[in-house]
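Inside the fold
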Amino acid sequence: MSTDSALAHSDKQYSLHPYTPLKAHRENGPFVISRGDGVYVYDDTGKRYLEGMAGLWCTSLGFSEQRLVDAATRQLKDLPYSHLFAHRSTPPAIELAEALVSMAPEGIERAFFTNSGSEAVDSAIKFAWYYHEARGNPTKKTMLARKRAYHGVTIAAGSLTGLPYAHDGFGLPAIPVEHLSTPHAYREAHDNESDDAFVSRLVAELETTIERLGADTIAAFIAEPVMGAGGVLLPPDGYFPRVQAVLDKHDILFIADEVICGFARTGNWWGSDTYDIRPDIMTSAKQLSSAYQPIGATLVNARVYDALEEQSTRLGTFGTGFTYGGHPVAAAVALETLRIYHDDGILEHVQTVSPRFLERVQALQNHPLVGQARGVGLIGAIELVADKSTRAPFPAEQKIAMAVANAAKEHGVIVRPVPGDTVAFCPPLIIGEDAIDEMFDAVGQALNDVLAELPH
Ligand SMILES: Cc1ncc(COP(=O)(O)O)c(C=O)c1O
């Protein structure tokens, strides 16, 4: 990873990198990506990599979509900045809200713009609190999330994230939150427990948690349809509708965090469609602009919007918003992204290539290191185990998933180690079958390399 270029030297000296062990970075330096083309990126030595993670689960249209470059350039020339506060608006922000709401899950009616997924989640929390205050329930503040969830890093969103690495050292959680069990049957279900019985147990846990805390203290439940950064964890059949039925009884809002799952990633426009969720509030970011510009959104249904409107009338304004929320350049790029999704039939493309992707993921199940291979649409993962029959994990210090990702990188493919000794796959949505094969050939070789290195 280390290079001695002037850029690498400067990075070691001046940058403070997110989610990076700082001393190791200062010593070893960065992996510098300098150029992209289609589903490939190139490092500063010119070596090519297939970007099997679409960056951070986000560059859906790959790295050289000219229409997005043109949309940004046009908007920069016409109006590089204006805002949405106090009744102001811009053509791209108006058109984007309509385009996004038009394709959103049933019942979603309005969009509020942010600059990131974390801000979208923070805004969703604020909207839930405002909703309950509007309805005379100011004590409904606690959030329900799940262990291994990823909802971002800001103080509120980071509190909902259910991964120790995002809390430790920061004193998080800093807002009231209860983390429920992870709906990951491979690790969490009891021996011989059916999916149905596992779901019943998770639903019972939800019910006893509500009883223990009191429904009058709980604002909302937040969930990624497929948990991404926590390990690409797919919910068991029937989980979400049964959870939602319980929430509805107690006026607890359902926030669907679609930051990764949105825009065809799971084989439907929304993870909420794939898993039968009817969100009251929904968050979006990443593929909203194919990551060519930073933009996120928090969307609400009519029930939530009506309460927000009523309360803002009472208070005189809706007192929240970001200077760059709905930034015209970001909005223009996002709008063009949505147009490309429709013009180029991205959903149909995902549905066409997904069987090949899933077949290649599933084939890894036969490898001696792989305990479980899983996926849906164009997102997948392998969970590595020291012993397939007992599901015993490797010792943590072995960093086995990191070893596989590093070996894949040697073979020219970027994949990502995530918690639970898991290697995640999330290529750009434009990927074709040949590139899918190239990606999994390299992952297979990487698994063999790591296996060969293990003590026998
Ligand atoms: C489901 C989910 N929500 C929220 C976020 C936070 O988004 P951002 O990093 O843009 O703040 C992420 C980022 O990976 C995510 O995966």
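Owing to the predicted nature of the structure, the values given are computational and were not obtained by experimental measurement. (Residues numbered from 1 in each chain as written. Predicted model: local features only at pLDDT ≥ 70, side-chain atom pairs only at ≥ 80, totals over all residues. Heavy atoms only, no water.)

**Some points on helix 16 (residues 400-410)**
Because an α-helix completes one turn every 3.6 residues, residues spaced three or four positions apart along the sequence face the same direction. Put simply, the test is: Burial classes follow relative accessibility: with a 1.4 Å probe on protein chains only, a residue under 20% of its type's maximum area counts as buried, one over 50% as exposed, and anything between as partly exposed. Helix numbers and strand numbers start at the N terminus; a helix is a DSSP run of H or I with at least 4 residues, a strand a run of E with at least 2. The reported arc concerns the directions from the helix axis to the C-beta atoms and nothing else. Whether two residues touch is decided by their heavy atoms; if any such pair falls within 4.5 Å, the residues are in contact.
Listed as buried for helix 16 are Ile400, Ala401, Val404, Ala405, Ala407 and Ala408. Projected onto a plane normal to the axis of helix 16, the buried residues spread over an arc of 160 degrees and lie on a single side. The inward-facing, buried residues of helix 16 contact strand 12 (379-384), strand 13 (413-414), strand 14 (416-418), strand 15 (422-425) and helix 17 (433-453). Backbone geometry just downstream of helix 16 places Gly412 in the positive-phi region, at approximately 85 degrees.

**Topic: the nonpolar core**
For the record, the criterion: Think of a nonpolar core as a cluster: buried Ala, Val, Leu, Ile, Met, Phe, Trp, Tyr and Cys residues, connected wherever their side-chain atoms sit within 4.5 Å.
Of all hydrophobic cores here, the largest spans 104 residues; its most connected members are Trp57, Phe221, Ile382, Leu384 and Phe425. If near-sequence neighbours (up to four positions away) are discounted, Phe221 is found in contact with Leu144, Arg146, Leu180, Tyr239, Phe240, Val243, Leu247, Ile252, Leu253, Phe254 and Ile255. Among the nonpolar cores identified, the runner-up in size contains 27 residues, and Phe112, Ala220, Ile222 and Ile255 belong to it.

**Some thoughts on a nonpolar patch on the surface**
Under the convention used in this document: Only residues whose relative accessible area exceeds 30% and that take part in no salt bridge are eligible for patches, with like-charged residues grouped when within 9 Å of each other and nonpolar side chains (Val, Leu, Ile, Met, Phe, Trp, Tyr) grouped when within 5 Å. The accessible surface values rely on the Shrake-Rupley method and a 1.4 Å probe; as for residues, cover is taken only from the protein chains in view. We define a salt bridge as a contact between a side-chain nitrogen of Lys or Arg and a carboxyl oxygen of Asp or Glu at a distance within 4 Å.
Nonpolar side chains collect at one region of the surface, where Tyr19, Val153 and Tyr165 lie side by side and expose about 300 Å² of accessible area between them. Relative to the assigned elements, Tyr165 resides in helix 8 (residues 164-167). Tyr165 gets classed as partly exposed once you look at its relative accessible area, which sits at 36%.

**Side note on the domain arrangement of the chain**
The condition that has to hold: The source of the domain bounds is an automatic or database domain assignment. Accessible area that two parts lose when put together, evaluated with a 1.4 Å probe and summed over both, is termed the buried area. Whenever a nitrogen or oxygen atom comes within 3.5 Å of another N or O atom, the pair is scored as a polar contact, on the condition that within protein one atom can donate a hydrogen and the other can accept it, and that pairs from neighbouring residues in sequence are kept only if both atoms are in side chains.
When its domains are assigned, the chain resolves into domain 1 (32-64 + 345-453) and domain 2 (67-343). Here domain 1 and domain 2 have C-alpha centroids that lie 26 Å from each other. The partner domain 2 presents 35 residues to the 37 residues of domain 1 that form the contact. Carbon and sulfur atoms supply 60% of the area that domain 1 and domain 2 bury against each other, a total of about 2800 Å² over both sides. On the surface where domain 1 and domain 2 come into contact, there are 1 salt bridge. Salt-bridge contacts for Glu383 lead to Arg187; the nearest nitrogen and oxygen are separated by 2.8 Å. Counting every contact that joins domain 1 to domain 2 gives 19 residue pairs in polar contact (both at pLDDT 80 or more).

**Details of the environment of His179**
Structurally, the position occupied by His179 is in strand 6 (residues 177-180). Taking the C-alpha atoms as reference points, His179 and Met143, separated by 36 residues in sequence, lie 8.6 Å from one another. Beyond its immediate chain neighbours, meaning those up to four positions away, His179 contacts Ala145, Arg146, Lys147, Ser159, Leu160, Thr161, Gly162 and His167. Polar contacts involving the side chain of His179 include one to the main-chain carbonyl oxygen of Leu160, which spans 2.9 Å. Within the structure, the side chain of His179 is placed 3.2 Å from the backbone oxygen of Thr161, a separation counted as a polar contact.

**A look at unusual backbone geometry**
With glycine set apart, most residues show a phi of negative sign, and most peptide bonds adopt trans. With an omega of 5 degrees, the peptide bond between Leu172 and Pro173 qualifies as cis. Within the secondary structure, Pro173 sits in the loop between helix 8 and strand 6. In this structure, Ala264 takes a positive phi of about 75 degrees despite not being glycine. Residue placement: Ala264 occurs in the loop between strand 8 (253-257) and helix 12 (271-274). Judged by its relative accessible area of 0%, Ala264 falls in the buried class. Positive phi values are uncommon outside glycine, yet Asp421 reaches one of about 50 degrees.

**Here's the deal with the sheet that holds strand 9 (residues 281-284)**
Applied cut-off: Following DSSP output, two strands are said to pair if at least two bridges run between them. Angles shown run from 0 to 180 degrees and are taken between the N-to-C directions of axes, each axis being a line fitted to C-alpha atoms and, for helices, limited to the stretch in contact.
Ordered by their spatial adjacency, 7 strands build an open sheet running 4-10-9-8-7-5-6, and the pairing between neighbours is mixed. Of all the strands in the sheet, just strand 4 (108-114) and strand 6 have a single pairing partner and so form its edges. The mean angle between the axes of side-by-side strands here comes to 20 degrees, regardless of whether they run parallel or antiparallel. Pairing geometry for strand 4 and strand 10 (residues 296-301), over 6 bridges, is antiparallel. Its bridge partner being in strand 10, Thr114 is matched across the sheet by Gly296. Along the sheet face, helix 5 (residues 91-103) touches strand 4 and strand 10 and points at about 135 degrees away from the line of strand 4. Those strands touched by helix 10 (residues 195-213) are strand 5 (142-146), strand 6 and strand 7 (218-223), and its axis lies near 160 degrees from that of strand 6.

**Regarding the sheet that holds strand 2 (residues 40-43)**
Spatial ordering of the open sheet is given by 1-2-3-13, a layout of 4 strands whose pairing is mixed. Looking along the sheet, the strands with just one partner apiece sit at the ends: strand 1 (33-37) and strand 13. Both strand 1 and strand 2 contribute to a ladder of 4 bridges, which runs antiparallel. Note that in strand 2 the partner of Asp37 across the bridge is Tyr40. Where helix 17 meets the sheet, its contacts fall on strand 2, strand 3 (48-51) and strand 13, and the angle it forms with strand 3 comes to roughly 105 degrees.

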